[in-house]
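# Structural features, examined
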Amino acid sequence: MLFEALERRLLLSADAIAITAIEVNDGNPQRSTVSTITVEFDRDVQAVPPQILFLRNTSTGTGVDTARAQVSYDAASHRATWRFPAEIGGTLANGNYLGAILSEEVQAQTDFTLDGNRDGQTGDSHVFQFHRQSGDADGDRDTDFSDLFKFRSTFQKAGTDTGFDARFDFDADGDVDFADLFGFRRAFDTALAPDPVVTAGLSRDTARNGAFNSDALTSDATIAGMLTERAAVATLEAGFDQTFVDVSGKLLPDGNFTLSPTDLKVIAGGTLIDGHHVLTLQAKNAAGGLLSFVDVAFVLD
């Protein structure tokens, strides 16, 4: 009975919200500019503080001060949209981006907790990645001849002219002029390599009577994961409560890794007691810059 009561309380917590969609540029695939990020929640969250959104330009190693962003919230659709008037032209700078709706900020700034991956356990952030590349009108991570043809067709046109294409108005001054041409020329014939992505979860999500399920309530805390773009990563770290241990030695050449219950005890500082835990795995480059992370929330029972 205690087991069942604990399970119901964790899985049916009334104050746990989830993310149902993330849209960059209102779903438009172009990445020549990035002026909006929209987050759809699974219910009315009443108000959305801007700082629950984490943004980091991993190409430059700089964070975006989202507290300076403008957030509008539509209660009917449960959608919040961030805009960036403090950035030049209202668009994020060029580069790869790591974004997240942070679980700890949701809990600190609202009346809710966050179930980032919708598995029934709270405490994990919802992580996403995207890029911005001047002139990348089709979102394919480069500025090439296809984009050049589109730029030429809108060059020296203003917002009132037929054929004006706002994707190339980098400074958002209402026209595509020589200032935008200089920006396009700097980006032309360049491409952004994709960032690494780290994913992880319980390897064996146990249930009663020797069965398995996906409720993240388990007697076996073994974690299995995968890291893409392995060559770009210098270290893989794992930690509880923001105290991290280098686990790069667990990475196989193909990017797969496994952390045993014994490994988790070491990461936790010696013991891993029964109860709710959030393990964070983060990939860093040689300069120590954060490239990707994932939270794994689970209950050890």
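In short, a report on the structure. Just so it is clear, the model here is predicted, and its values are computed rather than measured.

## With respect to the overall build of the chain
What the chain contains, in helices and strands, is five helices and 20 strands. Its C-alpha atoms put the chain at 70 × 45 × 30 Å along the principal axes. By the burial criterion, 45% of the 301 residues in the chain qualify as buried. Restricting to contacts in the chain with at least 6 residues of sequence separation, those with at least 24 account for 62%. Counting only carbon and sulfur atoms, one obtains 51% of the accessible surface of the chain, whose full area is about 14200 Å².

## Comments concerning the sheet that holds strand 4 (residues 53-57)
The antiparallel open sheet is built from four strands, whose spatial order is 5-4-8-10. This sheet does not close on itself; its edge strands, each paired only once, are strand 5 (62-63) and strand 10 (126-132). Strand direction decides the pairing type here: strand 8 (residues 95-101) and strand 10, joined by seven bridges, are antiparallel. Following the sheet pairing, Ile101 is matched in strand 10 by His126.

## Concerning helix 4 (residues 178-187)
Given 3.6 residues per helical turn, the α-helix brings residues three or four places apart onto the same face. Listing the buried residues of helix 4 in full gives Asp180, Leu181, Gly183, Phe184 and Ala187. Along the long axis of helix 4, the arc covered by the buried residues comes to 160 degrees, so they all point the same way. Relative to its buried face, helix 4 has exposed residues pointing more than 90 degrees away, namely Arg185 and Arg186. N-cap assignment for helix 4: the residue whose side-chain oxygen lies 3.2 Å from the backbone N of Ala179 is Asp177.

## Thoughts on the environment of Asp136
Looking at where Asp136 falls in the secondary structure, it is placed in the loop between strand 10 and strand 11 (142-143). For the pair formed by Asp136 and Asp220, sequence separation is 84 residues and the distance between their alpha carbons is 46 Å. In this structure Asp136 touches Gln30, Arg31, Ser32, His131, Arg141, Asp142, Thr143 and Asp147, once residues within four positions along its chain are discounted. From its side chain, Asp136 meets the backbone nitrogen of Asp140 in a polar contact 3.0 Å long.

## What to know about unusual backbone geometry
Non-glycine residue Asp241 carries a positive phi angle of around 55 degrees. Looking at the element boundaries, Asp241 is found in the loop between strand 16 (235-240) and strand 17 (243-246). Assessed through its relative accessible area of 74%, Asp241 is described here as exposed.

## Points about the packing of aromatic side chains
Following the criterion strictly, the structure yields ten aromatic pairs and no others. Plain terms: the ring middles of Phe151 and Phe168 are 5.5 Å apart, the flat faces sit at 90 degrees to each other, and that makes the pair edge-to-face. Taken together, the positions of Phe151 in helix 3 (residues 145-154) and Phe168 in the loop between helix 3 and helix 4 put the pair 17 residues apart, joining distant regions of the chain. Across this residue pair, the class does not change: Phe151 and Phe168 are buried. On the numbers, 6.1 Å between centres and 65 degrees between planes, the contact of Phe168 with Phe184 is edge-to-face. Of this pair, Phe168 sits in the loop between helix 3 and helix 4 while Phe184 sits in helix 4; the two residues are 16 residues apart in sequence, bridging distant segments of the chain. Across the pair, Phe184 and Phe168 agree in class, each one buried. Three or more aromatic residues joined by ring pairs make a cluster, and in this case those are Phe145, Phe151, Phe155, Phe168, Phe178, Phe184 and Phe188.

## Describing the pairing of strand 20 (residues 290-300)
Most of strand 20 is tucked away, with eleven of its eleven residues classed as buried. Where strand 14 (residues 217-218) and strand 20 come together, two bridges link them in parallel fashion. For Leu217, the partnering residue across the bridge sits in strand 20 and is Val299. Taken together, the ten bridges between strand 19 (residues 275-284) and strand 20 define a ladder with antiparallel strand orientation. Paired with His277 across the bridge in strand 20 is Phe298. The turn linking strand 19 back onto strand 20 is made up of five residues, and Gly288 within it adopts a positive phi angle of 85 degrees.

## Observations regarding the layout of surface pockets
A volume near 440 Å³ is recorded for the largest pocket. Broken down by element, the lining of the largest pocket gets its largest block of residues, five residues, from strand 19.

Thresholds applied
Residues numbered from 1 in each chain as written. Predicted model: local features only at pLDDT ≥ 70, side-chain atom pairs only at ≥ 80, totals over all residues. Heavy atoms only, no water. Helix = DSSP H or I, 4+ residues; strand = E, 2+ residues; numbered from the N terminus. Buried < 20%, exposed > 50% of the residue type's maximum accessible area, 1.4 Å probe, protein only. Contact = heavy atoms within 4.5 Å. Areas by Shrake-Rupley, 256 points an atom, 1.4 Å probe, with all protein chains shown as cover. Pairing = 2+ DSSP bridges. Arc of directions from axis to C-beta. Polar contact = N/O pair within 3.5 Å; in protein donor to acceptor, adjacent residues only side chain to side chain. Phe/Tyr/Trp six-rings, centres within 6.5 Å; stacked < 30°, edge-to-face > 60°. 1 Å grid on protein atoms, 1.4 Å probe; cavity = no way out; pocket = protein on both sides within 12 Å on 5 of 7 lines; lining within 4 Å. Points joined across faces, edges and corners; volume = space filled by probe spheres on them.

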